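Summary of structural features
The residues making up each chain are set out below.
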Amino acid sequence: MSGVRAVRISIESACEKQVQEVALDGTETYLQPLSMSQNLARLAQRIDFSQGSGSEEEEAAGADGDAQDWAGAGSSADQDDEEGLVKFQPSLWPWDSVRNNLRSALTEMCVLYDVLSIVRDKKFMTLDPVSQDALPPKQNPQTLQLISKKKSLAGAAQILLKGAERLTKSVTENQENKLQRDFNSELLRLRQHWKLRKIGDKILGDLSYRSAGSLFPHHGTFEVIKNTDIDLDKKIPEDYCPLDVQIPSDLEGSAYIKVSIQKQAPDIGDLGTVNLFKRPLPKSKPGSPHWQTKLEAAQNVLLCKEIFAQLSREAVQIKSQIPHIVVKNQIISQPFPSLQLSISLCHSSNDKKSQKSATEKQSPEDHLYVLEHNLHLLIREFHKQTLSSIMMPHPASAPFGHKRMRLSGPQAFDKNEINSIQSSEGLLEKIIKQAKHIFLRSRTAATIDSLASRIEDPQIQAHWSNINDVYESSVKVLITSQGYEQICKSIQLQLNIGVEQIRVVHRDGRVITLSHQEQELQDFLLSQMSQHQVHAVQQLAKVMGWQVLSFSNHVGLGPIESIGNASAITVASPNGDYAISVRNGPESGSKIMVQFPRNQCKDLPKSDVLQDSKWNHLRGPFKEVQWNKMEGRNFVYKMELLMSALSPCLL
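This structure is a prediction, so every number in the text was calculated from the model and none was measured. (Residues numbered from 1 in each chain as written. Predicted model: local features only at pLDDT ≥ 70, side-chain atom pairs only at ≥ 80, totals over all residues. Heavy atoms only, no water.)

Attention now moves to the nonpolar core. The biggest cluster of nonpolar side chains holds 44 residues, and the ones touching the most others in it are Leu190, Leu243 and Leu295. Listing elements by their share of this core, those giving two or more residues are helix H6 (183–193), strand E5 (221–226), strand E6 (243–246), strand E7 (254–263), helix H7 (290–317), strand E11 (339–348), helix H9 (369–387) and helix H11 (427–454). Dropping the residues within four chain positions of it, leucine 243 is found in contact with Phe183, Glu186, Leu187, Leu190, Val224, Ile225, Asn227, His290 and Trp291. One finds Leu540, Trp546, Tyr578 and Val582 within the second-largest nonpolar core, a separate group that totals 23 residues. (Core = buried A, V, L, I, M, F, W, Y, C linked by side-chain atoms within 4.5 Å. Buried < 20%, exposed > 50% of the residue type's maximum accessible area, 1.4 Å probe, protein only. Helix = DSSP H or I, 4+ residues; strand = E, 2+ residues; numbered from the N terminus. Contact = heavy atoms within 4.5 Å.)

See the structure below:
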């Protein structure tokens, strides 16, 4: 049978569902299979709870005794097998453990039921609560809530206080560490800002501008020393620093350059005094060491001395029409007639007297930052010229300088170009030119402002340019009449203020050059304001429909004007009956004449020549208008009223 191949056989139940009923027609009614819960309930119903667990224990104990007796009697092996089968026989009921657990649960539930019934009836037993301290009558739930919040806040406050104490301790420790920093760390900070070198046992620093190209002979060295003036046993002060610097005696204190422009006669646009590089008394900034302010003040003194030495050297070497004067710490020059430029070096030590006098004399309007900035740029250019690398000549016999100076032919420099390259302005010449320009600009502004405040009709407006050069400024001057700005736009001037002269550019492109005298500028503006009135009449005549018969900016008849020339214009009404003649001069003022028709002039004598009536339509002689008695806010408004009165009525 072992050699026969196995065959799989599927076994199925004949009927998966039990048949409940068979009808007469043969239909079968099946029972639905039980679910797991129904099956469990059906099996639980088969449990007999009346049998106790003690009978099982007795049976187990009897079986153990029989086994011991059998082992002691020494029976045969067959009997041993039979007894083993009896001993390890499985339980007949698989739900014994479930029954036992349910029985124990039932017992416990019965006990619980008995206890609850006793407590409820209170016949045999009573339950009393645990005794507690009675609460005071005033305490309510809100009070308890407030007390709990107070306790929680107190706990949080304790935590914050402990943290604050730790932070204060750490901050104090850091401050102590900063105060107790050693000499080497402070020396490292000093080396980050200043140039240091060690010579022997000394540490020396450099205050000069040699690295930037300065040729000033002052050595400008300072010595770094260790501060040993403090007692370590006592409390360390807050401003303690283990490092100190020793500055040369001639560089101590503060210094500044004073530029004074004075005029011998009273004039317009007085500049007064300008202090350059003037610093307040050195005060240590918070967080910066005291040696930093000390060295900056000393370097400022050295810079002022270098600038003044360069200016003094150039003042002696430069040849001018009016020689410059150098006396001690002062340089006196005369850029314009009756104008004196004084440049002096003011150096004050750290004495209390000098400090008091400096604070008394110091005023916030004394400082002019533009000139200070320009001086910085000039001294920087001067240093850059010394540092600029000069190209070596090729061949070696050629002179130094630009490459085109060594060429020949059309690309080479001529004599004038070579002279312009070789001639360079000094520091003093540039400062004098800037002072001239500043003085001329302030004088021009004062002249325009005085005319604008003194003369109401016509109005003069000045628009200064924000972007200017150190040697040239520009201002646009407009002359207008109030209420007629759109009509009267004929006078527009562009003033280019240079070093020694003013260049005026008209609207039509004409250029006039004026000197530095303010009287020339004032006379020119007065003549332009006089011409503006005549130009305004011309523009008004075009708007009103009047005809311009004649116009002239420079009239050769009449009284001679001391300032400029008078201008005149003659206009006729639209129908030609009336004519108005206007003559305006800078000094004589305006004069207006009106010509009426001949037939309206009753005082004319009868002529024997003009007998025909047609000659009566010709215009008669001129009559002067009392211009001061005319109503109107300005000249152009009065002229408009006059033209309107003389114009024919179209209605």
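What follows is about the pairing of E11. Burial analysis of E11 places 7 of its 10 residues in the buried class, which makes it a mostly covered element. Two elements, E7 and E11, share 10 bridges in a ladder whose sense is antiparallel. Each bridged residue has a counterpart across the sheet, and for glutamine 262 the counterpart in E11 is glutamine 340. In this sheet, E11 lies alongside strand E10 (residues 330–333) in antiparallel orientation, the contact comprising 4 bridges. By the bridge assignment, isoleucine 332 is partnered in E11 with serine 342. (Pairing = 2+ DSSP bridges.)

Next up on the list: the packing of aromatic side chains. Aromatic ring pairs: the centre-centre distance and the angle between the two ring planes describe each pair. The tally for this structure, following the rule as stated, stands at 4 aromatic pairs. For the ring pair tryptophan 194 and phenylalanine 222, a centre distance of 6.4 Å and an interplane angle of 80 degrees mean the geometry is edge-to-face. A residue pair is termed long-range when its members are at least 10 positions apart, and tryptophan 194 in the loop between H6 and strand E3 (195–199) and phenylalanine 222 in strand E5 qualify at 28 residues. Assigned by exposure class, tryptophan 194 and phenylalanine 222 land together as buried. Both rings, one in tryptophan 627 and one in phenylalanine 635, keep their centres 5.3 Å apart while their planes meet at 50 degrees; by these two values the pair is tilted. According to the relative accessible area criterion, tryptophan 627 is buried, its value standing at 10%. Its relative accessible area of 4% is what places phenylalanine 635 among the buried residues. In this arrangement the basic side chain of lysine 433 is found over the ring face of tyrosine 471, its NZ or CZ atom lying 4.5 Å from the centre. In this arrangement the basic side chain of lysine 436 is found over the ring face of phenylalanine 336, its NZ or CZ atom lying 5.6 Å from the centre. (Phe/Tyr/Trp six-rings, centres within 6.5 Å; stacked < 30°, edge-to-face > 60°. Lys NZ or Arg CZ within 6 Å of the ring centre and 35° of its normal.)

On the surface, a cluster of nonpolar side chains totalling about 260 Å² of accessible area is made up of Val19, Val22 and Tyr30. Within the secondary structure layout, valine 22 lies in strand E1 (residues 19–22). For valine 22, a relative accessible area of 51% gives the class exposed. (Patch = residues over 30% accessible without salt bridge, like charges linked within 9 Å, V, L, I, M, F, W, Y side chains within 5 Å. Areas by Shrake-Rupley, 256 points an atom, 1.4 Å probe, with all protein chains shown as cover. Salt bridge = Lys/Arg side-chain N within 4 Å of Asp/Glu carboxyl O.)

Let's shift gears to the packing of H7 against H11. Their axes nearest at 8 Å, the elements H7 and H11 cross at an angle of 95 degrees. Considered as vectors, H7 and H11 are oriented roughly perpendicular to each other. Of the residues in H11, those in contact with Ile307, Gln310, Leu311, Glu314 and Ala315 of H7 are Leu427, Leu428, Glu429 and Ile431. Of the residues that constitute the contact of H7 with H11, the class distribution is 6 nonpolar, 1 polar and 2 charged. (Axes fitted to C-alpha atoms, helices over the stretch in contact; angles between N-to-C directions. Parallel < 35°, antiparallel > 145°, perpendicular 65-115°, else oblique. Nonpolar A, V, L, I, M, F, W, Y, C, P; charged D, E, K, R; others polar.)

With that settled, consider the sheet that holds strand E14 (residues 492–497). Read from one edge of the open sheet, 5 strands run E12-E13-E14-E15-E16, paired in antiparallel fashion. The strands lining the two open edges of the sheet, one partner per strand, are strand E12 (459–464) and strand E16 (511–514). Across the sheet, the mean angle from the axis of one strand to that of its neighbour is 25 degrees, orientation sign disregarded. Across 4 bridges, E14 lies against strand E15 (residues 502–505) in antiparallel orientation. Residue leucine 495 lies in a different strand from E15, and its bridge partner there is valine 504.

Here the focus is the sheet that holds E3. Overall, antiparallel pairing links the 4 strands, which are arranged E3-E4-E5-E6 in an open sheet. Each edge of the open sheet is held by one strand with a lone partner, namely E3 and E6. Strand after strand, the sheet turns through a mean of 35 degrees between neighbouring axes, direction not considered. Strands E5 and E6 of the sheet are contacted by H7, whose axis makes an angle of about 15 degrees with E6.

Attention now goes to the side chain of asparagine 584. With respect to the element layout, asparagine 584 can be found in strand E19 (residues 579–585). You can call asparagine 584 buried: its relative accessible area is 6%. Leaving out residues up to four positions away in the same chain, asparagine 584 has contacts with Ser530, Gln533, Val534, Ala566, Ser567, Gly589 and Ser590.

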